[in-house]
Amino acid sequence: MAETKIAAEARTEFGKGAARRIRREDKVPVVLYGHGTDPIHLTLPGHQLMLALKGSANALLTITVDSDTHLVIPKQVQRDPLKGFIEHADLLIVRKGEKVVVDVRISTVGDAVSGNLVVLENSSIAIEAEATHIPESFEVSVEGLVAGDQILAKDITLPEGSTLAVDDDILIVNVTGAPTEAQLEAELAEAEADLGIEHDASDAEE
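Per-chain numbering applies: the sequence of each chain, read as written, is numbered from 1 onward. Whole-chain, interface and lining totals are the exception, using all residues; otherwise, since this is a predicted model, local features are given only for residues with pLDDT of at least 70 and side-chain atom pairs are given and counted only at 80 or more. For the side-chain quantities, the full set of heavy atoms in the structure was used; hydrogens and water were omitted.

Q: Would you explain the overall build of the protein chain in this entry?
A: Helix and strand counts for the protein chain come out as three helices and 14 strands. Within these notes, the globule rule equals 2.2 Å times the number of residues to the 0.38 power, and the radius of gyration is based on C-alpha atoms. Expected size for 206 residues packed as a compact globule is a radius of gyration near 17 Å; at 24 Å, the protein chain overshoots this value by more than 25%. For every residue, the accessible area obtained with a 1.4 Å probe (protein chains only) is divided by the maximum for its type, and the residue is called buried under 20%, exposed over 50%, and partly exposed between those limits. A burial count over the protein chain gives 33% of its 206 residues as buried. Residues are treated as being in contact if the distance between any of their heavy atoms lies within 4.5 Å. Of all intrachain contacts in the protein chain linking residues separated by at least 6 positions in sequence, the fraction that spans at least 24 positions is 60%. As displayed, the protein chain has an accessible area near 12700 Å², and 48% of this comes from carbon and sulfur atoms. Residues scored as positive are Lys and Arg, those scored as negative are Asp and Glu, and His as well as the terminal groups of each chain are ignored. Each charge is placed at NZ for Lys, CZ for Arg, CG for Asp and CD for Glu. Put simply, the protein chain has 17 plus and 37 minus side-chain charges, and the middle of one group is 19 Å from the middle of the other. Counting from the N terminus, the helices are DSSP H or I runs at least four residues long and the strands are E runs at least two residues long. We get accessible surface area from the Shrake-Rupley algorithm with a probe of 1.4 Å; when it comes to residues, only the shown protein chains can shield them.

Set out below in structure tokens:
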């Protein structure tokens, strides 16, 4: 996991008006928590923070402000729902060697046997890992799987020093038979009937 260094500024103004002024300057208001310290209110360069978090939701950041340095990971990131820029971030102070519980993204690779449908039941999984060794994501192979095959949390290969923070038997991937055209038409007809949608009979039906 790469570590990104960002220089911060102390924040002395608070409230919605102050936050808007900060964002107009392409900066992001952030709060640092952890290890029994009082919350630390800072501003970070917006573009630099966005790039640091783009590759991984669990990015490791070194925040410097004046003569202080803090090692942090994202705890909660608020983004503009339309434009996607970061509006505010809560960052968790960590220490090297310390273990934290984080959600790690899951993706599938490969192809199941033709005629089968791969369903990713959980797109992330909680693990406990060292703060400086958090994996960016997990890839699970569905190559050659057939209907009835499943991948559980315990089947995911974790990096050394990491453990699952969820039940071993949580379903991650479920492979089912792809629905036939007749089944899709029947489901559509049932849904339309529930909504009260009626179609005029065709000439053939009449």
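Q: What should I look at first to understand the sheet that holds strand E10 (residues 124–130) in this one?
A: Think of a sheet as strands paired side by side through backbone hydrogen bonds, with each pair either parallel or antiparallel. Read across the open sheet, the four strands follow the order E11-E8-E10-E13; overall the sheet is mixed. Taken across any chain shown, the strands that pair with only one partner, and hence form the sheet edges, are strand E11 (137–141) and strand E13 (163–164). As judged from the five bridges shared by strand E8 (residues 99–109) and E11, these two strands associate in the parallel manner. Note on E11: the bridge partner recorded for Ser-107 is Glu-139. Any two strands between which DSSP finds at least two bridges are classified as paired.

Q: Hey, could you run me through helix H2 (residues 46–54) in this one?
A: Side chains that are three or four residues apart share a direction in an α-helix, a result of its 3.6 residues per turn. Every buried residue of H2 is accounted for by Gly-46, Leu-49, Ala-52 and Leu-53. In a view along the axis of H2, the buried residues occupy a sector of 130 degrees, so they form one face of it. Looking at the buried side of H2, the elements it contacts are strand E1 (3–7), strand E3 (27–33), strand E4 (40–45), strand E5 (60–65), strand E6 (68–79) and strand E7 (86–93). Working definition: the arc comes from the directions between the helix axis and the C-beta atoms, pointing outward to the latter.

Q: In this structure, what is going on with the sheet that holds E3? I would like to understand it.
A: Taken in spatial order, the seven strands make up an open sheet running E1-E5-E6-E7-E3-E4-E2, and their pairing is mixed. What marks the edges here is a single partner per strand, and that holds for E1 and strand E2 (9–10). Summarising the sheet, E6 and E7 pair through seven bridges and their orientation is antiparallel. Opposite Arg-79, over in E7, you have Ile-86 as the bridge partner. Here H2 sits on the sheet and contacts E1, E3, E4, E5, E6 and E7; the angle it forms with E4, its principal contact strand, is near 90 degrees. The axes are straight lines fitted to the C-alpha atoms, using for helices just the contacting stretch, and the angles between their N-to-C directions are given from 0 to 180°.

Q: Looking at this model, I keep getting lost on the side chain of His-88. Mind explaining?
A: Considering the arrangement of structural elements, one finds His-88 in strand E7. If we skip the residues at most four places from it in the chain, His-88 touches Arg-11, Val-28, Pro-29, Val-30, Val-31, Gln-76, Val-77 and Gln-78.

Q: Quick question: what am I supposed to make of the pattern of salt bridges here?
A: Opposite charge on two side chains lets them pair, provided their charged atoms get close. Put simply, a salt bridge is a Lys or Arg side-chain nitrogen that is within 4 Å of an Asp or Glu carboxyl oxygen. Here the structure, examined in full by the defined rule, presents three salt bridges. Between Lys-27 and Glu-25 there is a salt bridge, and its shortest N-O distance comes to 3.8 Å. Exposure remark for Lys-27: the relative accessible area of 24% places this residue in the partly exposed category. With a shortest N-O distance of 3.3 Å, Lys-154 and Asp-169 are connected by a salt bridge. Taken together, the positions of Lys-154 in the loop between strand E12 (150–152) and E13 and Asp-169 in the loop between E13 and strand E14 (171–177) put the pair 15 residues apart, joining distant regions of the chain. For Asp-169, a relative accessible area of 46% gives the class partly exposed.

Q: Is there a simple way to think about the environment of Asn-116 in this case?
A: Relative to the assigned elements, Asn-116 resides in strand E9 (residues 116–120). In the structure, Asn-116 is positioned 62 residues away from Ala-178 in sequence and 4.8 Å away in space, judged by C-alpha atoms. Filtering out sequence-adjacent residues up to four positions away, Asn-116 remains in contact with Leu-145, Val-146, Ala-147, Val-175, Thr-176, Gly-177 and Ala-178. In terms of polar contacts, Asn-116 uses its side chain to reach the backbone amide nitrogen of Ala-147, at 2.9 Å. Throughout this description, a polar contact denotes any pair of N or O atoms lying within 3.5 Å of each other; where both atoms belong to protein, one of them has to be capable of donating a hydrogen while the other can accept it, and for residues adjacent in sequence the pair is counted only when both atoms sit in side chains.

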